[in-house]
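# Close look at the chain arrangement
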Amino acid sequence: MLSNKLQAIVDRYDALAHALTQPEVLADIKQLTALSKEQAGIEELAQAAKTYLQLLEGIQENKALLEDKELGELAKEELKALEEEKNTLEERIKILLIPKDPNDNKNIYLELRAGTGGDEAGIFVGDLFKAYCRYADLKRWKVEIVSSSENSVGGYKEMIALIKGQGVYSRLKFEAGTHRVQRVPETESQGRIHTSAVTVAIMPEVDDVEVNINPSDLRIEVFRAGGHGGQCVNTTDSAVRITHVPTGISVSMQDEKSQHKNRDKALKILKARLYEKQIEEQQEANSASRKMQVGSGDRSERIRTYNYPQNRLSDHRINLTLYSLEELMLSGNLDPVIEPLIAHAQAQGLEQQGE
């Protein structure tokens, strides 16, 4: 019964609130952090549950007054309002009861790579990255470029950035996949439309506890950085390549002049990629998790098309079509794309709960 389930959540929230005032918990940073995180994770649901249980009490009280000659009509009106409020809150609670993705509140590594299309794909990497940066500004997130590799025409072969903020992963996780762009490149003299592709990876930032790497499994190489000139380029062995031998996953980093800083950055991205691999393996092993996905998140899956001649953006996973492509890209307000994806995922979660 829903009310019993909600009462248990309220009881757990209250128990956590009490525990967090105890001296022994306050003195134990690890326990304090764990309990605080658990409390924060159920706070919205617990507050909604308290309101819902109060509504149930109010409904019962007004039902008992329906036969009263003096208060019956008033109770009838009150009962109608309470029932409507209860039904609305019930729908919200159903969504809150969907199991949360444990990564939803994490920062992310955003990785964009030019695919088919040559220089034009590299230019679109830059355009797409700018759109994500504008979206981050709107959400008051912080963007730090970790690594970039430019091409010869002002675009990028690869761009990796760390995005920090509240709920970053929860809003951007469905961006993973292949993004296709159709437009006339500036270098095209005949006015022909070209099709290019960019792959996007969204990787949660992880700590050492979540990804345990055996140092003996790492092969670390140093080499001279290459690029468009500047101090230390091709003069010192500051660039670093770290390979996780068991999986073959490799990360190269040369943006910093310090070998030590390049090594630290490369290791963090390697951990994120290994964690991403763990997530993919878990989803493959768990059919329920696969059902929760809006697409697989696989980089090879074509998830979206940006058609500039028609000013059209199409997300192929949910059959979403918007004729405001240029406005979306220039403003960075990607919510008209992201919100329907989140709603679709929630609908799948509700469907799964009902099975």
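That block above? That's the structure.
First things first, this report covers the structure right here in the doc. (Residues numbered from 1 in each chain as written. Predicted model: local features only at pLDDT ≥ 70, side-chain atom pairs only at ≥ 80, totals over all residues. Heavy atoms only, no water.)

By the secondary structure assignment, E61 is in helix α3 (residues 29-64). Judged by relative accessible area, E61 falls into the exposed class, the value being 52%. With 18 residues separating them along the chain, E61 and L79 place their C-alpha atoms 9.0 Å apart. (Helix = DSSP H or I, 4+ residues; strand = E, 2+ residues; numbered from the N terminus. Buried < 20%, exposed > 50% of the residue type's maximum accessible area, 1.4 Å probe, protein only.)

Below, the discussion takes up the side chain of T243. Here T243 shows up in strand β7 (residues 239-244). Owing to a relative accessible area of 6%, T243 belongs among the buried residues under this scheme. Not counting residues within four places of it along the chain, the set of residues in contact with T243 comprises D217, L218, R219, E221, G248, I249 and S250. (Contact = heavy atoms within 4.5 Å.)

Another point: the pattern of salt bridges. If you walk through the whole model with that rule in mind, you get 22 salt bridges. One network of salt bridges, in which partners are shared, links E111, R113, E158 and R273. (Salt bridge = Lys/Arg side-chain N within 4 Å of Asp/Glu carboxyl O.)

Next up on the list: the sheet that holds β7. In any sheet, the strands associate via hydrogen bonds between backbone groups, in a parallel or an antiparallel arrangement. Strand order across the open sheet formed by three strands is β6-β7-β8, with antiparallel pairing between neighbours. The sheet is open, and its two edges are formed by β6 (218-223) and β8 (249-253), each paired on a single side. In this sheet, adjacent strand axes meet at a mean angle of 15 degrees when their direction is disregarded. Across five bridges, the pairing between β7 and β8 is antiparallel. Counterpart to V240 in the pairing with β8 is M253. (Pairing = 2+ DSSP bridges. Axes fitted to C-alpha atoms, helices over the stretch in contact; angles between N-to-C directions.)

Two residues of an α-helix separated by three or four positions point the same way, owing to the 3.6 residues in each turn. Given a rise of 1.5 Å per residue, 25 residues ought to cover 36 Å, and the 35 Å separating the end C-alpha atoms of helix α4 (residues 72-96) matches this to within 8%. All of the buried residues in α4 are G72, A75, L79, L82, K86, L89, E90, I93 and L96. The inward-facing, buried residues of α4 abut α1 (2-19) and α3. (Expected span 1.5 Å × (residues − 1).)

Attention now moves to the packing of α3 against α4. Contact pair α3 / α4: the axes reach a minimum separation of 9 Å and the direction vectors enclose 155 degrees. Of the possible angle classes, the one that applies to α3 and α4 is roughly antiparallel. As α3 runs across α4, the sense of the crossing is left-handed. Contact residues: E44, L45, A48, A49, T51, Y52, L55, L56, G58, I59, N62 and K63 in α3; A75, E78, L79, L82, E83, E85, K86, L89, E90, R92, I93 and L96 in α4. Of the residues contributing to the contact of α3 with α4, the split by class is 13 nonpolar, three polar and eight charged. (Parallel < 35°, antiparallel > 145°, perpendicular 65-115°, else oblique. Left-handed = near helix turned anticlockwise from the far one by under 90°. Nonpolar A, V, L, I, M, F, W, Y, C, P; charged D, E, K, R; others polar.)

To continue, consider the packing of aromatic side chains. Counted under the stated rule, the structure contains two aromatic pairs. Look at F124 and Y306: their rings are 5.1 Å apart centre to centre, the planes differ by 65 degrees, and that puts the pair in the edge-to-face class. With F124 in helix α5 (residues 119-139) and Y306 in strand β9 (residues 302-307), this residue pair connects regions lying 182 residues apart in the sequence. Pairing Y135 with W141 gives two aromatic rings, centres 5.6 Å apart and planes at 85 degrees, and the pair type is edge-to-face. By the burial criterion, Y135 is buried, and W141 matches it. Across from the ring centre of Y308, 5.0 Å away, lies the NZ or CZ of R183, which sits over that ring. (Phe/Tyr/Trp six-rings, centres within 6.5 Å; stacked < 30°, edge-to-face > 60°. Lys NZ or Arg CZ within 6 Å of the ring centre and 35° of its normal.)

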